[in-house]
Amino acid sequence: MQKEIEQYFKSLAEKNETIRYQFLFSPFYENADVLILGFNPGMGDKYCADVMERTGLTYTKYDTYSTGRDTFYVFRKAGLENVLEGRIVKSNVFHLATRTASQLYTTAKKIDETPKWLFYKKHYEWTRELIQKVAPKLIIIEGIRAYREIKKAIEENRFGQGIDFIDKTEIFQGKFEIGNRTFVFIGYHRARHGMINKDGFAELLREQYLQLNMLEEATK
């Protein structure tokens, strides 16, 4: 998957040298504890142009990422700060970097491809593959916009389905069913300044993470 993503974006960059992309903000783990999925990379690192694994969860360590700072806050508030040093994978639905999330659609529209929807088709396929390979205990979704795109990816061609969705007080939760697997997800709404209702999300994170770990222990 990494090689395919790299080849795709290198081909785009040959036509447009301003193209920037990034696939991972962490190491890659199978059977991870947590998979964090955002919408797309920002331009905090203006030189980002790779698909390489990182040595740790890098984006919580830089002030340029407001969502990274918020993520560190909620894990610490939930008493799960040590989880950030463990088996956690961070990526996005789309790997094209833009200054704002809304620019993703206009930038993708300008990409000269045949067919025109190839950009979305590929990213939906990679999203499905990423979830299956990482096979996390818990998925964290960074924003309702990211959730809507992940749901499209999962439900495309009846690959899977989203169920039990609950959205309240700027935080949400639910499940994705893919084949015989069920993946629990939680997420939060975002504003320009970052995460909304951080304390509420920290409580939801703690509740779901501990519940999933207790379930795993009970089934051993």
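Heads up: the structure comes first, above all this text.
This text gives an overview of the structure that appears in the document. Along each chain, residues carry numbers from 1 onward, in the same order as the chain's sequence is written. In keeping with the predicted nature of the model, local features appear solely for residues at pLDDT of at least 70, side-chain atom pairs appear and are counted solely at 80 or more, and the whole-chain, interface and lining totals rest on all residues. Hydrogens are left out, water is left out, and the side-chain values use all remaining heavy atoms of the structure.

So, about the packing of helix 1 (residues 2–15) against helix 4 (residues 118–134). Where helix 1 meets helix 4, the axes come as close as 12 Å, and the angle between the chain directions of the two elements is 160°. Here helix 1 lies roughly antiparallel to helix 4, going by the angle between them. The handedness of the crossing between helix 1 and helix 4 comes out as left-handed. Contacts between helix 1 and helix 4 involve E4, I5, Y8 and F9 from the former and F119, K122, H123 and W126 from the latter. Note on residue classes: Ala, Val, Leu, Ile, Met, Phe, Trp, Tyr, Cys and Pro are nonpolar, Asp, Glu, Lys and Arg are charged, and everything else, Gly too, is polar. Residues that form the contact of helix 1 with helix 4 fall into these classes: five nonpolar, one polar and two charged. Note on method: axes are straight lines fitted to C-alpha atoms, helices fitted across the in-contact stretch only, with angles between N-to-C directions ranging 0 to 180 degrees. Elements are defined by DSSP. Helices are runs of H or I of four residues or more, strands are runs of E of two residues or more, and each kind is numbered from the N terminus. Under this scheme an angle from 65 to 115 degrees is roughly perpendicular, one under 35 degrees roughly parallel, and one over 145 degrees roughly antiparallel; angles in between are oblique. Handedness of a crossing is defined here by the sense of rotation of the near helix relative to the far one, left-handed for an anticlockwise turn of less than a right angle and right-handed for a clockwise turn. Contacts between residues were defined by any pair of non-hydrogen atoms, one from each residue, lying within 4.5 Å.

Mapping Y124 onto the fold places it in helix 4. Considered as a pair, Y124 and E149 are 25 residues apart in the sequence and their alpha carbons are 8.1 Å apart. Non-local contacts of Y124, meaning those with residues more than four positions away in its chain, are made with F94, E149, K152, A153 and E156.

Geometry of an aromatic ring pair is reported as the spacing of the ring centres plus the angle between the planes. Each pair of aromatic rings taken from Phe, Tyr and Trp, with Trp reduced to its six-membered ring, is defined by centres within 6.5 Å and is described as stacked if the planes are under 30 degrees apart, edge-to-face if over 60, and tilted in the remaining cases. Applying the stated criterion to the full structure yields 19 aromatic pairs. Judged by centre distance (5.2 Å) and plane angle (85°), the ring pair of Y8 and F9 falls under edge-to-face. Of the residues examined, F9 reaches a relative accessible area of 0% and is grouped as buried. Both rings, one in F165 and one in F172, keep their centres 5.8 Å apart while their planes meet at 40°; by these two values the pair is tilted. Burial status follows relative accessibility: with a 1.4 Å probe on protein chains alone, a residue under 20% of its type maximum counts as buried, one over 50% as exposed, and anything between as partly exposed. Relative accessible area serves as the criterion here: at 1%, F172 is assigned to the buried category. Linked through ring pairs, F39, F94, Y105, F119, Y120 and Y124 together constitute an aromatic cluster. Charge-over-ring placement is defined geometrically: NZ (Lys) or CZ (Arg) within 6 Å of the ring centre, and within 35 degrees of the ring normal. The ring of F25 is capped by K90, whose NZ or CZ atom sits 5.7 Å from the centre of that ring. Above the face of the F39 ring, R145 is positioned so that its terminal group lies 5.4 Å from the ring centre.

Right, let's talk about the nonpolar core for a bit. Nine residue types can take part in a nonpolar core, namely buried Ala, Val, Leu, Ile, Met, Phe, Trp, Tyr and Cys, and a core is a set of them joined through side-chain atoms within 4.5 Å. If you look at the biggest cluster of nonpolar residues, it comprises 41 residues, and the most contacted ones within it are F9, I131, I139 and I141. In contact with I131, other than residues within four places in its own chain, are L35, L37, P136, I139, I150, I154, I178 and F183. V74, I88, Y209 and L212 belong to the second largest nonpolar core, which has 26 residues in total.

An expected span of 1.5 Å times one less than the residue number is assigned to each helix. The end-to-end C-alpha distance of helix 2 (residues 66–77) is 16 Å, a good match for the 16 Å that twelve residues give at a rise of 1.5 Å each. All buried positions along helix 2 are accounted for by S66, T67, G68, D70, T71, V74 and F75. Positive phi appears at G79, one or two residues downstream of helix 2, with a value of about 75°.

Spatially, 4-2-5-8-7-6 is the arrangement adopted by the six strands of the open sheet, whose pairing is mixed. Each end of this open sheet is capped by a strand with a single partner; those strands are strand 4 (88–92) and strand 6 (160–168). Shown here is a sheet whose adjacent strand axes are inclined to one another by a mean of 20°, direction ignored. Two strands are said to pair when DSSP picks up at least two bridges between them. Of the pairings in the sheet, the one linking strand 7 (residues 171–178) to strand 8 (residues 181–188) comprises eight bridges and is antiparallel in character. By the bridge assignment for strand 8, I171 is matched with Y188. Contacting strand 2 (34–38), strand 4, strand 5 (138–142), strand 7 and strand 8, helix 4 runs over the sheet at an angle of about 165° to strand 2.

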